[in-house]
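The lines below spell out each chain.
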Amino acid sequence: MPAYLMVRAHVTDMEQYRQYMKLTPAIAEKYGGVFLVRGGGKVILEGPDAPERIVLLRFDSVEAARRMYNSEEYQAAIKLRAGAAEASFIVLEGVE
């Protein structure tokens, strides 16, 4: 069953955050992740504005998303993000 990794990031230092962004595509791809949304424009249709950067990736399974997140490569990338952004990572089960 597909899974979606939704990230909401409050970026405080975009220059430093860009270093993190350079590493993440190859890491996600190695674990089967595909970026669907990567912080592009958004339109709020209802509710309060969501100022966070929103990223959405698709994986083959919840376990694949967990493997990517827990990998040595990604844990090293997280260190580059430290101090540049606070983030929430949520894995959602998709439908077939």
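Heads up: the structure comes first, above all this text.
Owing to the predicted nature of the structure, the values given are computational and were not obtained by experimental measurement.

Student: Can you tell me about the sheet that holds strand β2 (residues 34–38), naming the residues and giving the values?
Tutor: Here we have four strands laid out as an open sheet, ordered β2-β3-β1-β4, and antiparallel in their pairing. The strands lining the two open edges of the sheet, one partner per strand, are β2 and β4 (85–93). Taken over all neighbouring pairs, the strand axes of this sheet differ in orientation by 20 degrees on average, direction set aside. Of the pairings in the sheet, the one linking strand β1 (residues 3–11) to β4 comprises nine bridges and is antiparallel in character.

Student: Which residues make up the packing of aromatic side chains, and what values go with them?
Tutor: Tallied over the entire structure, the rule returns five aromatic pairs. Here Tyr69 and Tyr74 contribute two aromatic rings whose centre-to-centre distance is 5.5 Å and whose plane-to-plane angle is 45 degrees, an arrangement assigned as tilted. Linked through ring pairs, Tyr17, Tyr20, Tyr69, Tyr74 and Phe89 together constitute an aromatic cluster. Its guanidinium or amino end placed over the ring of Phe35, Arg38 lies 4.8 Å from that ring's centre, counting from NZ or CZ. Above the face of the Tyr20 ring, Arg81 is positioned so that its terminal group lies 5.4 Å from the ring centre.

Student: Summarise the environment of Gly41; cite the residues concerned and give the values.
Tutor: Topologically, Gly41 is positioned in the loop between β2 and β3 (53–59). A sequence separation of twelve residues divides Gly41 from Arg53, and the C-alpha atoms of the two residues are 9.4 Å apart.

Student: Account for the packing of helix α2 (residues 62–70) against helix α3 (residues 72–81), with residues named and values stated.
Tutor: In the contact formed by α2 and α3, the axes pass within 5 Å of each other and the chain directions differ by 55 degrees. By the angle between their axes, α2 is oblique relative to α3. Of α3, the residues touching α2 (which contributes Met68, Tyr69 and Asn70) are Glu72, Tyr74, Gln75 and Ile78. Here the contact of α2 with α3 is built from residues that sort into four nonpolar, two polar and one charged.

Student: Which residues make up α3, and what values go with them?
Tutor: Note on helix geometry: an α-helix contains 3.6 residues per turn, so any two residues three or four positions apart are oriented the same way. The set of residues buried in α3 consists of Tyr74, Ala77, Ile78 and Arg81. Buried positions in α3, seen along its axis, are confined to an arc of 110 degrees and lie on one side of it. In α3, those exposed residues whose orientation departs by more than 90 degrees from the buried face are Glu72 and Lys79. The inward-facing, buried residues of α3 contact α1 (14–30), α2 and β4. Within two residues after α3, Gly83 carries a phi angle of roughly 85 degrees, on the positive side.

Rules used in this analysis
- Residues numbered from 1 in each chain as written.
- Predicted model: local features only at pLDDT ≥ 70, side-chain atom pairs only at ≥ 80, totals over all residues.
- Heavy atoms only, no water.
- Pairing = 2+ DSSP bridges.
- Helix = DSSP H or I, 4+ residues; strand = E, 2+ residues; numbered from the N terminus.
- Axes fitted to C-alpha atoms, helices over the stretch in contact; angles between N-to-C directions.
- Phe/Tyr/Trp six-rings, centres within 6.5 Å; stacked < 30°, edge-to-face > 60°.
- Lys NZ or Arg CZ within 6 Å of the ring centre and 35° of its normal.
- Parallel < 35°, antiparallel > 145°, perpendicular 65-115°, else oblique.
- Contact = heavy atoms within 4.5 Å.
- Nonpolar A, V, L, I, M, F, W, Y, C, P; charged D, E, K, R; others polar.
- Buried < 20%, exposed > 50% of the residue type's maximum accessible area, 1.4 Å probe, protein only.
- Arc of directions from axis to C-beta.

Don't take any of this as a statement about function, it's just geometry.
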